[in-house]
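A structural walkthrough
Each chain is listed here by its residues.
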Amino acid sequence: MKFSRRDFIKACAVSTALVSAGCSSGRQPVQSKPIDPTKTEADKWVKSVCRYCGTGCGVMIGVKNGKVVAVKGDPDNPVNKGLLCAKGYYLPQIMTAKDRITKPLIKKDGKFVEASWDEAMELITQRFKESLDQYGPASVGFYGSGQTSVDETYVANKLWKGCFGSNNVEGNPRLCMASAVAGYMTTFGADEPMGTYDDFEHCDVFFIIGSNTAEAHPVLFSRIVDHKRKNPGTKIIIADPRRHRSHEIADSAIPFIAGTDLAILGAMAYVIIEEGFTDEEFIKNHVCFSDGANPITWEDYKQHIKESYTPEFASAKSSIPVQEIRKLARDFAEPGKNTMTLWCMGINQRVAGVFANNMIHNLHLITGKICKPGSTTFSLTGQPSACGSVREVGGLSHLLPGHRLVANAAHREQIAKIWGTDPAKMAPAPGWHTMELFRRTVTGDLKCLWVMCTNPAHSLPNATFYHPGLEQTFLVVSETYHPTLTSKYADVVLPAALWCEKEGVYGNTERRTQHMAKAIEPPGEARPDVDALIDFAHRMGYGEVFPYKSFEDVWNEYLKCTTGTDMELASYAALKEAHGIRWPVKDHIGTEGTGMRFVAPDDPYVKEGVDFYARPNHRAQVFARPYTEPAEMPDKEYPFCLTTGRVLEHWHTDTMTGKCPAIMKAVPTSFAEFNSKDATQLGIKEGDIVRLVSRRGTVELPVKIERPGIPRRGLIFATWFEAERLVNAVTTDAVDAASKEPEFKICAVRVEKV
Ligand SMILES: Nc1nc2c(c(=O)[nH]1)N[C@H]1C(S)=C(S)[C@@H](COP(=O)(O)OP(=O)(O)OC[C@H]3O[C@@H](n4cnc5c(=O)[nH]c(N)nc54)[C@H](O)[C@@H]3O)O[C@H]1N2
Ligand SMILES: Nc1nc2c(c(=O)[nH]1)N[C@H]1C(S)=C(S)[C@@H](COP(=O)(O)OP(=O)(O)OC[C@H]3O[C@@H](n4cnc5c(=O)[nH]c(N)nc54)[C@H](O)[C@@H]3O)O[C@H]1N2
Ligand code: SF4
Ligand SMILES: [Mo]
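All values reported here derive from a predicted model rather than from experimental measurement.

Rules used throughout
Residues numbered from 1 in each chain as written. Chains lettered and ligands numbered in written order. Predicted model: local features only at pLDDT ≥ 70, side-chain atom pairs only at ≥ 80, totals over all residues. Heavy atoms only, no water. Helix = DSSP H or I, 4+ residues; strand = E, 2+ residues; numbered from the N terminus. Rg over C-alpha atoms; globule rule 2.2 N^0.38 Å. Buried < 20%, exposed > 50% of the residue type's maximum accessible area, 1.4 Å probe, protein only. Contact = heavy atoms within 4.5 Å. Areas by Shrake-Rupley, 256 points an atom, 1.4 Å probe, with all protein chains shown as cover. Lys, Arg positive; Asp, Glu negative; His and termini not counted. Charge placed at Lys NZ, Arg CZ, Asp CG, Glu CD. Near = heavy atom within 4 Å. Polar contact = N/O pair within 3.5 Å; in protein donor to acceptor, adjacent residues only side chain to side chain. Nonpolar A, V, L, I, M, F, W, Y, C, P; charged D, E, K, R; others polar. pLDDT = per-residue confidence, 0-100. Phe/Tyr/Trp six-rings, centres within 6.5 Å; stacked < 30°, edge-to-face > 60°. Lys NZ or Arg CZ within 6 Å of the ring centre and 35° of its normal. Salt bridge = Lys/Arg side-chain N within 4 Å of Asp/Glu carboxyl O. Pairing = 2+ DSSP bridges. Axes fitted to C-alpha atoms, helices over the stretch in contact; angles between N-to-C directions. Parallel < 35°, antiparallel > 145°, perpendicular 65-115°, else oblique. Left-handed = near helix turned anticlockwise from the far one by under 90°.

Further remarks concern the overall build of the protein. Check the secondary structure of the protein and you find 26 helices and 33 strands. The C-alpha radius of gyration computed for the protein amounts to 25 Å, which stays within 12% of the reference 27 Å derived for 754 residues, consistent with globular compactness. For the protein, the C-alpha atoms occupy an extent of roughly 70 × 65 × 55 Å along the three principal directions. For the protein, buried positions account for 65% of its 754 residues. Long-range pairs, those at least 24 residues apart, make up 73% of the contacts in the protein with a sequence separation of at least 6. Carbon and sulfur atoms provide 52% of the accessible area of the protein, an area that totals close to 25,400 Å². Within the protein, one finds 88 positive and 90 negative side-chain charges whose respective centroids are separated by 4 Å.

Right, here's the structure in full:
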């Protein structure tokens, strides 16, 4: 008998949350009991954090005879209170996979041969030195990840920006959270959500747009489900062009045409203004208005909305009837109710991603549904430490640690002082953003690139265009497995210690910084990534400013970068003890940290009431943003819209979840999911193979019809975890002008039968 995805989820599902919320049985995404594959009692349990998503579930790692034998939810962690999803429970299986690399590899005559660490590091050092001498600082880059530990990005950032004078430090959060960062920065003057998961339990209306929370943030979804079960009046509205698992608890669905969000969000503002749902007092005290370049008035903004976003216009663009748009706005703005908006990649991975983020914040600001428990704008972060290790550490080409900017001379001075480096060495101009960095591998301007904890040959949009660049660049890949699509292009592959084989710190979506203890030894000669970076710094002649003997040493230096900033972090001792602490910590010593930001008494920087202190005038900005189309909409030649995304079981490029037999049985291959009417019209059926063709490339995928989700007509949903079926050969690398985040969520394709 074939083991189906349904069987898999059934087998994992112990939680009653979804069932009691009235959802169909057998599709529960979370479990409350550990699966212990070996049924062996562990010798010891080590406190840590799940390796995967930005939810940041606390885990207890069971160790026996130096091996991880089980993982269970940490009952004392307030994030998940003991729950985990299937990916969390199967973590032990990723540790021992056959393709773990245990020795450095060097490519000689096109073939990988094993080498000593010394030989590998000497080669890297020689090539970087040559490049810096001949071509200058911009010729060397670092491409990191929201899955590294804080110390790893911190050390790389310091070496590149502080010592080499190169701001070409980027990471995969550019593909993911950049639009959310730019949205928070422009609207509130400060990055990261101001609310926390605690808001879920106070919320009356959840507006979920462009997030498949049930599959991508399953444990958070279970908290929402639980809350709704206890408070049946809780409304859940899901706006998404594809019906997915999260819809099982939805009270209403807004299945608009992909790419037309701005019309919906703008028309919601229209109805809110027209029907008098605005909070004039809040606006008067805490809000200002901008057209993107200059300040405007509340009246100007209202005029802009009136002219640009009538419900009729939105209806024509999105296909949602005017009355439904009006109802959506009324539900969102209902007086006396607390409203939260949750969003993820459906909003961020768009060429209008920053505008969409601003327009979500706008709705909360003009209705005053913000800065109250259960009323907030809450962008869901994808990776476990995109916030902690990249946004906070400053691991992007325009950032410095502690929410500072490379373009700010005072910020450069402050950081150079802590680093013990020469501020004059630091470049004032931001480096190349991710897509530009990889484009420069193709043009040959970037000579050396170090890739750590990410798989860009697989995960970049329009990926095959960049493969020749990876081939010709001197490429160092720090990886746990080999081969991956990226490591194949490497000149040197460095074997990395994985997750609990090293100590570390992650920072999750709700500003919670969490310590992860080392539980076991890495296999063979694999080393923590940070060790390789510190070794490299010494070989490059900067040993004096990299004197660290322990993880704690790195943390203590980084801590100085956060002191006195809006993101003051906790001491190392406190982190080791706690089940996560939310910044800013400041006076909240010995507690869980700050709950809601910008509000007294939670936020230690606010004396009274609400204060958007991160903006010079202490007011959040409402932006008048023009309607903007995606870069590529369907046309005669490419009549379908392709969107790409996730399933619960798999993680990104599948290097880890692909090691779990039960997961592979449940979801063995990437697939293209069709609306049944489109399938009939195309003459294709379940299981057929189709070729998706875009202006950039092709991919062949097996067809699924209206499962696991239901895309609206004209939309195809494809998963992209499989290396053999490279969906990113098809996607577009068009980017948002401000955030430089690519539009993974929308491109035009045609369908060919194979
Ligand atoms: N199981 C699992 N969980 C994960 C991950 C994983 O790989 N696997 N990865 C993590 C990471 S890094 C991330 S970034 C998150 C991503 O989490 P999500 O963003 O929730 O997941 P996706 O499936 O990428 O896309 C979300 C939704 O965007 C919708 N969408 C497509 N086009 C549009 C549009 O035009 N407008 C709107 N509003 N929506 C649209 C899709 O229909 C889809 O339902 O997941 C995190 N969690
Ligand atoms: N089509 C399409 N493409 C997308 C997206 C989409 O929605 N659609 N989403 C984008 C988003 S939001 C994201 S975040 C990216 C993610 O894309 P990637 O970051 O490229 O994907 P991962 O598979 O998470 O890659 C992590 C790599 O690090 C390795 N690894 C694991 N642990 C360690 C470690 O401790 N050290 C080292 N050195 N290596 C380690 C893993 O084996 C794996 O190869 O993909 C983007 N690409
Ligand atoms: S919800 Fe995310 S953090 Fe929690 S167990 Fe699942 S993958 Fe891990
Ligand atoms: Mo992501």
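All right, on to the site of ligand 2 then. Near ligand 2, the surroundings consist of 32 residues, among which Q147, N172, S459, E479 and T653 are the closest. Within the backbone of A497, one N or O atom sits 3.3 Å away from an oxygen atom of ligand 2. In the complex, 99% of the free accessible area of ligand 2, which totals 920 Å², lies under the protein chains.

This brings us to the site of ligand 1. Neighbouring residues of ligand 1: 33 residues in total, closest A216, D240, D261, R646 and H650. Between ligand 1 and H652 there is a distance of 2.9 Å, counted from an oxygen atom to a backbone nitrogen or oxygen. Contact between ligand 1 and K745: an oxygen atom at 3.0 Å from a side-chain N or O atom of the residue. Those elements that provide at least two residues to the shell around ligand 1 are α8 (213-216), α15 (345-348) and β27 (640-645). Partitioning the shell around ligand 1 into residue classes produces 13 nonpolar, 12 polar and eight charged.

Position of R391 relative to the elements: it lies in helix α17 (residues 386-391). The class for R391 is buried, based on a relative accessible area of 2%. Apart from residues no more than four positions distant in its own chain, R391 is found in contact with M177, V181, Y184, D191, E192, P193, T381, A386, L399 and H403.

Of all residues in the protein, 95% attain a pLDDT of 70 or more, and the chain-wide mean is 94. Ranking the helices and strands of the protein by mean pLDDT puts strand β20 (residues 448-452) first, with 99, and helix α2 (residues 17-20) last, with 37. A low-confidence stretch, residues 34-38 stays under pLDDT 50, and its non-local contacts, those more than four residues away or across chains, total nine contacts.

It is worth spelling out the packing of aromatic side chains at this point. In total, this model carries 35 aromatic pairs according to the counting rule given. Geometrically, the ring pair formed by F142 and W160 is tilted, given 5.3 Å between the ring centres and 55° between the ring planes. You can see F142 sitting in strand β8 (residues 140-144) and its partner W160 sitting in helix α6 (residues 150-164), a full 18 residues away along the chain. Across this residue pair, the class does not change: F142 and W160 are buried. Aromatic ring contacts, followed pair by pair, group Y184, F188, F282, W343, F598, Y605, F612 and Y613 into a single cluster. Taking the ring centre of Y135 as reference, the NZ or CZ of K447 above it sits at 4.4 Å. Over the aromatic face of W583 sits the side chain of R511, whose NZ or CZ is 5.7 Å from the ring centroid.

Here we come to the side chain of R242. Take R242: it is sitting in strand β12 (residues 242-243). The contact partners of R242, leaving out residues within four places of it in the chain, are N212, H247, E673, P708, G709, I710, P711, L715 and F717.

In this section: the pattern of salt bridges. Scanning all chains against the criterion turns up 50 salt bridges. With a shortest N-O distance of 3.6 Å, E215 and R245 are connected by a salt bridge. Of the two residues, E215 sits in helix α8 while R245 sits in the loop between β12 and β13 (252-254), which places them 30 residues apart along the sequence. Across this residue pair, the class does not change: E215 and R245 are buried. Close ionic contact of E299 with K302 constitutes a salt bridge, the shortest N to O distance being 3.3 Å. One end of the pair is E299 and the other is K302, both in helix α12 (residues 298-308) and three residues apart, which spans about a single turn. Of the residues examined, E299 reaches a relative accessible area of 52% and is grouped as exposed. The structure contains a network of salt bridges with shared partners spanning D118, E122, R527, D535 and R539.

Quick look at the pairing of strand β6 (residues 105-108) now. One ladder, built from four bridges, connects β6 with strand β7 (residues 111-114); its direction is antiparallel. The partner of L105 across the bridge, within β7, is E114. Between β6 and the antiparallel strand that follows it, β7, lie two residues; D109 among them carries a positive phi value of about 50°. As paired strands, β6 and strand β22 (residues 492-495) are joined by two bridges and run antiparallel to one another. Each bridged residue has a counterpart across the sheet, and for L105 the counterpart in β22 is V493.

Right, let's talk about the packing of helix α10 (residues 261-274) against helix α16 (residues 353-367) for a bit. In a pair of packed helices, the angle between the axes and the distance between the axes together describe the arrangement. Packing of α10 against α16 brings their axes to within 9 Å, and their N-to-C directions diverge by 15°. Looking at the two axes, α10 sits roughly parallel to α16. As α10 runs across α16, the sense of the crossing is left-handed. Taking contact as the criterion, the partners of L262, L265, G266, M268, A269, I272 and I273 in α10 are, on α16, F355, A356, M359, I360, L363, I366 and T367. Residue composition of the contact of α10 with α16, grouped by class: 12 nonpolar, two polar and no charged.

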